[in-house]
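Notes for the structure review
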Amino acid sequence: MTVAELMHKPAVVVRQEITLAEAAKVLDQANVGAAAVLDHEGHLVGMVSERDLLRSVGHAIDPGATTVAEVMTRTPVTLSIDDSVAKALRLFTERRFRHLPVLDAEQVAGILSIRHVVRVAQISEVLPAGSAPPELAPRGLEGVAVAETSVGDVRGEEGFFHYRGYNAVELARRCSFEQVWHLLVEGTLPDGSQLADFTARTVAARKLPEGITDMLRGVATLPNYTPLSSLRSAVSVTAAALGAQPTLDLTSEQVRADCLRIAALVPVALMRLHRQRNGLAPVEPDPELGYAAAYLQMLTGRRPEPREARALEQYLILTMDHGFNASTFTARVITSTGSDIGSALTGAIGALAGPLHGGAPSRALAMLDAIGTPDRAEAYLRAEILAGQRLMGFGHRVYKTDDPRSLLLREVASELGGPQVEFARRVEDTALRVLEELKPGRRLYTNVEFYAGVVMNSVGVPRDMFTPTFACSRTVGWTAAIAEQASNNRLIRPSALYVGPPPPRPLPDGYGVEAAALSARG
Ligand code: ACO
């Protein structure tokens, strides 16, 4: 395509002796952004654009007394009518012009605006050398760092993950949920008085906002209820009722305060839904209990045994955060638009709901059920692998050694004791041996899900509440990511490589709505 096909013709021209006020009138009447400036013999001597006029106003130049000759761009770069659009685009992008005069022999035949070119730009034809299409990241963004974070990280080869530099397994062994919550969202391990203050704030935040209970009742009675999708709806409604404001309008402190309130309310809303769905009266959280104990108390209606609460607490700490996973990334993308915390958390739960992310701790338990007794383990596991099936609770994309979460959860499960734990240990031993034999060199180890199900089952969490329980603890990690994103925000807006038919595609002849029909629509 040549520039002659695109340019504005005939060119709008002005004489160099006229004033800026007169030139402005010409541009205005012709509805163009620039004019060619001619001398008295009709030769091109310059270009004058709206930008020149604006700049003059900015410099307090009198437009009624200043001539075009004084502000115009002299001896402008020109195009010839046979030049390609690709050449024009190159000039526009490299030299930062907005308008170029187009000459036919010595005469100004038209003016090409960058807008004309951009409107028809064809990727392969006119993309200038040096501005290659965006580089395509690997599918799934594997191995691509898309942000900096101080929240935590996973080191798969070493079998290690941490929260703000502290070994997460050690935190789970030695700390309370509230201590690690403070660490993740506030950034530091709290001292005694900070912890007391923080805990008091989390307890006070467990009160559902006015008018929300009817809505939760409505969600709990939906025909196709699932705990996680209902929790997603409940979080959205709860955040709206709390009046969560766009993070763009909040200070970092206000964002963290909103994070705390919503993270404290997520288990309260979840248990409301669960009990309502099961025809049970709601149970208010006991203010004397910490997060994990109150979780079980709201679930069952009784104060849990300390060892049960502690076992769940350790599971919850271990699953608060895990690097830049899909739901955490989702929360950050939503926050990057300046949106509110409720939207970011609702989106994160949506991402977690996918089978490729939220996993299904209940599947590992279902496998134990299917095996039934220890003597059947070997035959069952071999048959599964030989049939091309995966053993649930084994293997991991990141960990190519022991998953540190599974090691601690095995200990936690053993401390809880009981026949299921003993059975699980025997199945695990057999599975690892069979995997080593039938899948040599694949580095398949027990993952977090194998003992997560056993632990949750042992402390009374029903199977359909396994993933929602995971969502509650992960809410802390999400809120830490949200607070970090909001405190140093830049809109996350990547590009895609367009691979469809080359644009612009002409509409087929006769396609569209008749002019008469268009005007009838008003
Ligand atoms: N049982 C049997 N074989 C397995 C298993 C398993 N659990 N996991 C991987 N393999 C085998 C694969 O069949 C494959 O063998 P091949 O080379 O003969 O084809 C090899 O190991 C490599 O498998 P990949 O698919 O490349 O491993 P990937 O890293 O993609 O998979 C995953 C990770 C999805 C977790 C996988 O191990 C799996 O499906 N495990 C079972 C489901 C499970 O436990 N999910 C929970 C994960 S933890 C979490 O999400 C929080």
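Use the structure listed above.
Our subject in this report is the structure included herewith. The numbering scheme is per chain: residues are counted from 1 as the chain's sequence reads. Side-chain atom pairs in this predicted model are given and counted only at pLDDT of 80 or more, local residue features only at pLDDT of at least 70, and totals for whole chains, interfaces and linings cover all residues. Based on all heavy atoms of the structure, the side-chain values leave hydrogens and waters out of the count.

**Looking at the packing of aromatic side chains**
Formally: By convention, a stacked pair of Phe, Tyr or Trp rings (six-membered ring in the case of Trp) has centres within 6.5 Å and planes under 30 degrees apart, an edge-to-face pair has planes over 60 apart, and any other such pair is tilted. Throughout this description, buried means an accessible area under 20% of the type-specific maximum (1.4 Å probe, protein chains only), exposed means over 50%, and partly exposed covers the range between. The numbering of helices and of strands both runs from the N terminus, where a helix is a DSSP run of H or I of at least 4 residues and a strand a run of E of at least 2. Counted as over-ring charges are cases with an Arg CZ or a Lys NZ within 6 Å of the ring centre that also lie within 35 degrees of the ring normal.
According to the stated counting rule, one finds eight aromatic pairs in the structure shown. Plain terms: the ring middles of phenylalanine 161 and tyrosine 163 are 5.7 Å apart, the flat faces sit at 80° to each other, and that makes the pair edge-to-face. Classification of phenylalanine 161 by relative accessible area gives buried; the value is 1%. On the basis of relative accessibility, which here comes to 0%, the residue tyrosine 163 falls in the buried class. An angle of 10° between the planes, with centres 3.9 Å apart, marks the rings of phenylalanine 177 and tyrosine 291 as stacked. You can see phenylalanine 177 sitting in helix H8 (residues 177-186) and its partner tyrosine 291 sitting in helix H13 (residues 291-300), a full 114 residues away along the chain. Each member of the pair, phenylalanine 177 as well as tyrosine 291, is classed as buried. An aromatic cluster is built from Phe177, Trp181, Phe198 and Tyr291, whose rings are joined through pairwise contacts. Here arginine 405 stacks its cationic end above the ring of phenylalanine 161, 5.9 Å away from the centre of that ring.

**Side note on the packing of helix H11 (residues 227-242) against helix H22 (residues 466-487)**
The test is simple: As a rule, the C-alpha atoms of each element are fitted with a line to give its axis, helices using only the stretch in contact, and angles between N-to-C directions run from 0 to 180 degrees. In what follows, residue pairs with any heavy atoms lying within 4.5 Å of each other are defined as contacts.
Where H11 meets H22, the closest approach of the two axes is 8 Å, and the angle between their N-to-C directions is 35°. Here Pro227, Leu228 and Leu231 of H11 lie close against H22, whose contacting residues are Thr467, Pro468 and Ala471.

**Quick look at helix H14 (residues 306-318)**
Threshold: An expected span of 1.5 Å times one less than the residue number is assigned to each helix.
For H14, with 13 residues, the first-to-last C-alpha span of 18 Å sits near the 18 Å given by 1.5 Å per residue. Of all 13 residues that make up H14, ten are buried, and the element is covered over most of its length. By the burial criterion, the buried members of H14 are Glu308, Ala309, Ala311, Leu312, Glu313, Gln314, Tyr315, Leu316, Ile317 and Leu318.

**What to know about the site of the ligand**
The test is simple: Any residue with at least one heavy atom within 4 Å of a molecule or strand is counted as near it. Here a polar contact means two N or O atoms within 3.5 Å. Within protein one must be a hydrogen donor candidate and the other an acceptor candidate, and residues neighboring in sequence count only if both atoms are side-chain atoms. Exposure was quantified through the Shrake-Rupley algorithm and a 1.4 Å probe, taking into account, for residues, occlusion by the shown protein chains and nothing else. Gly falls in the polar group here, along with every residue not listed as nonpolar (Ala, Val, Leu, Ile, Met, Phe, Trp, Tyr, Cys, Pro) or charged (Asp, Glu, Lys, Arg).
Close contacts around the ligand come from 17 residues, with Gly393, Phe394, Lys439, Arg442 and Asn447 the closest. Within the backbone of phenylalanine 394, one N or O atom sits 2.8 Å away from a nitrogen atom of the ligand. Against a free-state accessible area of 930 Å², the protein chains account for coverage of 68% of the ligand. The class makeup of the residues in the shell around the ligand is six nonpolar, five polar and six charged.

**Brief notes about the sheet that holds strand E2 (residues 34-38)**
Defined as follows: Pairing between strands is defined by DSSP: at least two bridges between the two strands are required.
Taken in spatial order, the four strands make up an open sheet running E1-E2-E3-E4, and their pairing is mixed. Looking at strand neighbours, the two that pair on one side only are strand E1 (13-15) and strand E4 (73-74), the edges of this open sheet. Where E2 lies against strand E3 (residues 44-49), five bridges are found, and the strand directions are antiparallel. Bridge assignment links alanine 34 to a residue of E3, and that residue is serine 49.

**Some remarks on the environment of arginine 307**
By the secondary structure assignment, arginine 307 is in helix H14. Sequence separation between arginine 307 and leucine 407 is 100 residues, and the spatial gap between their C-alpha atoms is 18 Å. Setting aside chain neighbours within four positions, we find arginine 307 in contact with Glu415 and Leu416.

**Quick look at the side chain of glutamate 313**
Inspection of the secondary structure puts glutamate 313 in helix H14. On the basis of relative accessible area, glutamate 313 is assigned to the buried category, the value being 12%. Within the structure, the side chain of glutamate 313 is placed 2.9 Å from the side chain of arginine 310, a separation counted as a polar contact. Ignoring any residue separated from it by four or fewer positions in sequence, one finds glutamate 313 in contact with Ser176, Phe177, Glu178 and Ala292.

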